[in-house]
Amino acid sequence: MCVIVPGALPFIIAGLCVSLSVALVVLVAAELAGAAFGVGYLIQMSQQVFRVDQMFSD
């Protein structure tokens with residue numbers, strides 16, 4: 001166990017990095033599909049009222 005974990009640690013960290021970024025994209029996509037609050041909802045509402053500055057800052 002002591003030999004395997006240090007060798008696998010870079011791959012574990014890379015997997016966590018990729019999975020967190022994919023999870024964030026899926027979360028925003030799910031909120032765009034049908035939520036009443038959240039980041040995706042704010043982006044969608046800003047898009048409907050042509051507030052481009054809020055779309056990219058929120």
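The structure under discussion appears in the preceding block.
This one's a predicted model, so the numbers in the text were calculated from it and none came from an experiment.

(A) Looking closely at the environment of P6. Along the chain, P6 falls in helix α1 (residues 4–34). Taking C-alpha positions, P6 is 38 Å from G38, a pair spaced 32 residues apart along the chain.

(B) View of a nonpolar patch on the surface. On the surface, L9, I12, I13 and L16 cluster together to form a nonpolar patch covering roughly 370 Å² of accessible area. Mapped onto the secondary structure, L16 falls in helix α1.

(C) Highlighting unusual backbone geometry. The backbone of F50 sits at a positive phi, close to 60°, despite the residue not being glycine. Topologically, F50 is positioned in the loop between α2 (39–48) and α3 (52–57). A residue is classified by how much of its surface remains accessible, and F50, at 74% relative accessible area, is exposed.

Criteria and cut-off values
Residues numbered from 1 in each chain as written. Predicted model: local features only at pLDDT ≥ 70, side-chain atom pairs only at ≥ 80, totals over all residues. Heavy atoms only, no water. Helix = DSSP H or I, 4+ residues; strand = E, 2+ residues; numbered from the N terminus. Patch = residues over 30% accessible without salt bridge, like charges linked within 9 Å, V, L, I, M, F, W, Y side chains within 5 Å. Areas by Shrake-Rupley, 256 points an atom, 1.4 Å probe, with all protein chains shown as cover. Salt bridge = Lys/Arg side-chain N within 4 Å of Asp/Glu carboxyl O. Buried < 20%, exposed > 50% of the residue type's maximum accessible area, 1.4 Å probe, protein only.

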